[in-house]
Each structure stands twice: as C-alpha cells, then as structure tokens.
Amino acid sequence: MGNDLLYAKSYFERLPELGDLAPDAFKAFVAFDKKALEPGKLGGKLKELIAVAVAHVTGCPYCIDVHVKNVKKQEATKEEVSEAILVATALKAGSSIAHSVNALNTYDEKGDDALYKASYFSRLKELSNLHEGAFHAFVDFDQQSMKEGAISAKDKELIAVAVAHTTGCPYCIDVHTKGAKKQGASKEEVAEAIFVATALKAGSAIAHSVNALNAYDDE
C-alpha cells in the first residue's frame, strides 16, 4: 500500500473520473441525486438535514463533509445539525434493539416460519427485564433525541423515516412512518424523505469510488 492515508478531502476531486469510466451510469446517478435533493414538498434545508443524518449512518466521510457544508449554506444552525445527528444515532442504535425481538424468538426456538411480523415488536419490553438499566437508559436517550427542539417533532420523524430506510429496520420504518403521519406529514413528504435516504445510501457507494481509484492506481 503506497499511500497510508485512506481518506482525505482532496481525494473527492477524483470523482469525475468515474464519469469518464462509466459515463451513462454516472450521469444517471447525478441526475437522480439532484432530483432527490432539490426542494419539493420538503424544503432544501430539511432535505440537507436528512442527508446529514443519513451520512452519519452510512459513515461516508465525504458525504458528511459535503452535506454539512450544504446545510450550513441553507442557514441551518449547529444545534439543528447536532439534533439531526442524534436522531440518526438513536435510529441506528434503535435498529439493533428492535432486532432483539428476532433474537428472542430464535433463542426461545419459536416454530413460526415468519421472521418478521409487526406483532413480534411487542416482545421488546422483555428486554427491559433482561437488562433493565441499559434498556431504560436507551429509551430515555431515544425519547430525548426525538423531542422537539431546534428541529420540529414532525421534521425529526421525517429524518427518522429516512434513517430507518437506511438501516433497513422494518419495525423502525413502521413506528416512525406512523409517527410522521401523526405529526402531520403527508405521504408525499414521507416519499421525498425516503428518496433523500436512497440518494445518500447510493451516494456513499459512489463517493467511496475515489478510494477504489486510489487503490487501483496504487501499484
């Protein structure tokens, strides 16, 4: 490995090379990404806050850099950025704790062939009996992260919907889509939040291509 530095802001400048190597697919992605992030039923600032949140779930340092700069241009405060990140943190952790109901089913050797049912989520409370301190500490963190603050409760639920589609947790998708609806979000707004998540999840893969180019050219 000739270059020990795996991530640097300057590496992102190689991204256009991918457009030369696979022009049709690259142009199609750029067009989709632009459409997904442009203002619609959701404003540009909220879409960028969603993008920041999702970027912290995908763990793409290039995406974090790009979208924090973008949302700052949209006049988002540091408090709003921080709250979006904490929603993402709660949802990423929440996807793990939500899947515990499947672990309980497996441990108890449940005979049902269905791996996911909405009714399984009712077993979550059993986790509080198995590790009460950690369970209640997580619940408190989750509630605090979703509480209205610099970002409204509705917008936090839309961020949560997007992040849930990034983690792929069916229970989280169910809970937070219903939560967004209760907060007054329209189906169109939910759909736009999902497309921002889709663009960022795909974008994290395309962003990492600069590392692939570096690795390919390393020898």
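Structure's up top.
A short tour of the structure in this document, coming up. (Residues numbered from 1 in each chain as written. Predicted model: local features only at pLDDT ≥ 70, side-chain atom pairs only at ≥ 80, totals over all residues. Heavy atoms only, no water.)

The next point concerns the environment of valine 190. For valine 190, the position within the fold is in helix α11 (residues 187–207). Given the relative accessible area of 11%, valine 190 is considered buried. A sequence separation of 32 residues divides valine 190 from leucine 158, and the C-alpha atoms of the two residues are 6.4 Å apart. In this structure, valine 190 is in contact with Leu158, Val161, Thr177, Ala180 and Ala185, ignoring residues within four places of it in sequence. (Helix = DSSP H or I, 4+ residues; strand = E, 2+ residues; numbered from the N terminus. Buried < 20%, exposed > 50% of the residue type's maximum accessible area, 1.4 Å probe, protein only. Contact = heavy atoms within 4.5 Å.)

On to the side chain of lysine 156. With respect to the helices and strands, the residue lysine 156 is situated in helix α9 (residues 153–167). By relative accessible area, which is 2% here, lysine 156 ends up buried.

Another point: the nonpolar core. Counting residues in hydrophobic clusters, the biggest one holds 57 residues, and the most contacted among them are Ile50, Leu91, Leu158, Ile159, Val163 and Leu200. Secondary-structure elements contributing two or more residues to this core are α2 (23–37), α3 (44–58), α4 (61–73), α5 (78–98), α8 (132–146), α9, α10 (170–182) and α11. (Core = buried A, V, L, I, M, F, W, Y, C linked by side-chain atoms within 4.5 Å.)

This part covers the packing of aromatic side chains. Counted under the stated rule, the structure contains 5 aromatic pairs. With a centroid separation of 6.3 Å and 70° between ring planes, the pair formed by phenylalanine 32 and phenylalanine 195 is classed as edge-to-face. Remark: phenylalanine 195 occurs in helix α11 and phenylalanine 32 occurs in helix α2; sequence separation between them is 163 residues. According to the relative accessible area criterion, phenylalanine 195 is partly exposed, its value standing at 45%. An angle of 20° between the planes, with centres 5.3 Å apart, marks the rings of phenylalanine 121 and tyrosine 171 as stacked. Taken together, the residues span a long stretch of sequence, with phenylalanine 121 in the loop between α6 (100–107) and α7 (124–130) and tyrosine 171 in helix α10 at a distance of 50 residues. Relative accessible area serves as the criterion here: at 28%, phenylalanine 121 is assigned to the partly exposed category. Classification of tyrosine 171 by relative accessible area gives buried; the value is 5%. (Phe/Tyr/Trp six-rings, centres within 6.5 Å; stacked < 30°, edge-to-face > 60°.)

All right, on to the side chain of glutamate 48 then. Tracing the sequence through the fold places glutamate 48 in helix α3. Buried glutamate 48, no salt bridge; nearest opposite-charge side chain is lysine 73, N-O distance 9.4 Å. Apart from residues lying up to four places away in sequence, glutamate 48 is in contact with Leu37, His67, Asn70, Val71 and Gln74. (Lys, Arg positive; Asp, Glu negative; His and termini not counted. Salt bridge = Lys/Arg side-chain N within 4 Å of Asp/Glu carboxyl O.)

Without other data, these values stay purely geometric and don't point to any function.
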